[in-house]
Structure formats: structure tokens, C-alpha cells
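Fold and contact review
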Amino acid sequence: MRSDTDAARGGSSAAGAPGDEALLVRFADGDAEAARVLTGRLGPRAYSVAMRVLGNRAEAEDVAQEAMMRLWRMAPEWQQGQARVSTWLYRVVLNLCLDVKRRRRTVHLEAVPEPLDESRSAAERMQEAARIDALQAALMALPERQRQAVVLRHIEELPNPEIAGIMAISVEAVESLTARGKRALSRALQERREELGYSDG
Amino acid sequence: MAETETELDVFFAAARHEPMPQALADRMVTDALEVQAGRAAAGAIVPRGPGIWAQLRGALGGWAGMGGLATACATGLWIGLAPPAFLPDPVQLVYGSQEDGEPFGGFDLAGLLVEEN
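Read on for an overview of the structure. (Residues numbered from 1 in each chain as written. Chains lettered and ligands numbered in written order. Predicted model: local features only at pLDDT ≥ 70, side-chain atom pairs only at ≥ 80, totals over all residues. Heavy atoms only, no water.)

1. Considering the interface of chain B and chain A
Inclusion rule: Residue contacts are counted whenever heavy atoms from the two residues lie within 4.5 Å of one another. By definition, a salt bridge exists where a carboxyl oxygen of Asp or Glu is found within 4 Å of a side-chain nitrogen of Lys or Arg. Counting of polar contacts relies on pairs of N or O atoms within 3.5 Å, with two restrictions inside protein: one atom must be capable of donating a hydrogen and the other of accepting it, and residues adjacent in sequence are counted only when both atoms are side-chain atoms. Runs of E in the DSSP output that reach at least two residues are strands. Runs of H or I that reach at least four are helices, and both are numbered from the N terminus.
Every contact between the two is made by 29 residues of chain B and, on the other side, 45 residues of chain A. At the junction of chain B with chain A, the criterion picks out 2 salt bridges. Its salt-bridge partner being Arg16 of chain B, residue Glu157 of chain A comes within 3.8 Å of it at the nearest N-O pair. Where chain B meets chain A, there are 9 residue pairs in polar contact (both at pLDDT 80 or more). When residues of the side of chain B that touches chain A are traced back to their parent elements, those giving at least two are helix 1 (2-15) and helix 2 (22-41) of chain B. A total of 11 residues in the side of chain B that touches chain A trace back to one element, the largest contributor, which is helix 2 of chain B.

Have a look at this one:
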């Protein structure tokens, strides 16, 4: 699922498309098209992580927009080869999420429905929405670091060494956090097995 | 454990379908362009002019002009090396005949030496 973006993370991709770092340099040189391509690549990932970590759509949008704004402002000072652009962005997103959680008093799930995927039947969409809601509720019950690690590993599908770089911890610590997080998620979701129909694969 | 992994994967897969709202993408691009405009206004972005080869190509009439110039050069070189039969030999024109080419052909060097003595 991430193969296209995985290839584009470095200076150039296998398919010849410019990598994130090359695009960031072009953006700093005034290339407007580079901004659009980077937004298409990195914006959804920033938003997805913020959404799953915060569980609130409006806050996730604010965090993703602010993270991308920091990327635009930082572009002229970017030192090539220091890190992946996506790693830098994920780190900013997680820090901004922590700031949001410090500011708010209560955790709540937003009532705004998930965007509809018209290619699926109404029943399939309802079941998927129920699964996402259940997963989000279970994620929100996890300790903060476990939730971050599980989201990066199993929803963003990042490799453990990159997660370790983003969270500034060891690979072993990432493995421990994700293992404990998955056990807790399994327990929380087990009770809703019939309702969510997750044995149909 | 394997069953639990599969069950969880169903949830994770559902969560990966989260699309980013188009309005958010538009705001991100707008921010980016504003940052670029601000830097350009502050003189931090210098528009890059065409390079020396691009300028030369433009002066010669673009790629079409460059192609015509290259063809003319190649044709001239070929005519110089292997002139057609109806044209005079350019080497003959420059240097003349073998006889004409002798610098002291019509001069008696021995007579000159005698006069000096």
C-alpha cells in the first residue's frame, strides 16, 4: 500500500520520480509544483497519524496543517541527508498531538461521520465505519506511547527502525510498545467480535 | 495468536482507508504558496535565469536554428574535404600548382651568391 511513497522518501525513487528531499529543495527554490506534490505525498500521512492518535477530526486537521506549515518554513534550512523528510514530519505531528492533548481536558470522539467510500455497499460501509470507531475507541484507551507506536507500525506500516527514530527510542522499545498495545487492543475488541464481524477477513 | 493477528489486521486495514479532506489539502498548498511568496518578497528566492547553453540556443533560433547551423557546418566541411568535380579544388586555389608553389622556382640562388662576392 505504501510502496509508492516508500520509494519516494529519499532523494529519488526507483521509478525516477524526485524524492521528498529533492522536492523540498525545489520548494525552497520557489517551485510551486513541488509544494503540491509534497502535499499529496505527506499531507495524508500527517493527517492519518494525527487522526488516529487524537481521535478527533478537527484537531487532526489543525495538527496536520500546522505540521506541514512547519515543513514549508523549515525547507530552506533542511540539511540533505540528515533524516528522511517523512520521519521529521511524523515527529512534528506526534509532538503537536501531545500539545493538543495537554491543552484539552477531556478526550472525546468526534461525531462527524467518516467520509463515504462510494465503491462499497451500504452494509460494507457501515461495518467498516463500526470497525474504525471500535478501533479508535480501543486506541484511545491505550497509554500515549503505545498508541503512537501501534499507529505508526500497523496503520502507517512503518518499519520498526524508522519508528524508533521518530519516537527517539530503541527498536526493542518499539517492539515492546507495539506488542503490549496489540494485546490490549485484542482484549478490548474481543467483546465486540459478533457485532463487528471481524472473523470474515 | 495467529487468529488474533488476523482479526486485528482487519481493523487496521479499515483504518488505513482514512482519506484526507480535499479542503485540508487545499489549505496546505495555500500555506506553502504563501510561505514561498513571503520568501520571494524578502529576496530570499532568486528566480533562476536560463543557463549559458539555453541562452545560446535561444540566440540561434532554438533547436531548429541549432539543427540548421549544424547541418550547414557539416556540409561545408564535407565540400572542403571532398569537393564535387564541377568545383575547383580549394587546396589548388589556396596553394596553386606544385610548380607555382616552389618559393625560389624562378630565382637563381647561385647567381645571387656570386654577385655578393
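2. Quick word on the nonpolar core
For clarity, the threshold we go by: Buried Ala, Val, Leu, Ile, Met, Phe, Trp, Tyr and Cys residues that are joined via side-chain atoms within 4.5 Å together make up what is termed a nonpolar core. In this scheme, a residue with accessible area under 20% of its type's maximum is buried, one over 50% is exposed, and one in between is partly exposed, where area comes from a 1.4 Å probe on protein chains only.
Judged by nonpolar contacts, the single largest core of 66 residues is most densely connected at Leu71, Trp72, Val93, Leu135, Leu152 and Leu185 of chain A. Sort the elements by how many residues they give to this core and helix 3 (residues 32-54) of chain A lands first, with 11 residues. Ignoring sequence-local partners within four residues, the contact set of Trp72 of chain A consists of Phe27, Ala35, Leu38 and Thr39 of chain A together with Met28, Asp31, Ala32 and Val35 of chain B.

3. Quick word on the side chain of Lys101 of chain A
Here Lys101 of chain A is to be found in helix 5 (residues 85-103). Contacts of Lys101 of chain A, omitting those with residues within four sequence positions, involve Val53, Leu54, Met140, Glu144 and Arg147 of chain A.

4. Some points on the packing of aromatic side chains
Residues and elements named next belong to chain A. Going by this rule: Pairs were defined over the aromatic rings of Phe, Tyr and Trp, the Trp ring being its six-membered one, requiring ring centres within 6.5 Å. Orientation was assigned from the angle between planes: stacked under 30 degrees, edge-to-face over 60, tilted for the rest.
Scanning the entire structure with this criterion turns up 1 aromatic pair over all chains. For the pair Phe27 and Trp72, a centre-to-centre distance of 4.8 Å together with 40° between the ring planes defines the contact as tilted. Note that Phe27 is positioned in helix 2 (residues 20-28) and Trp72 in helix 4 (residues 57-74), a separation of 45 residues in sequence. For the pair shown, Phe27 and Trp72 are each scored as buried.

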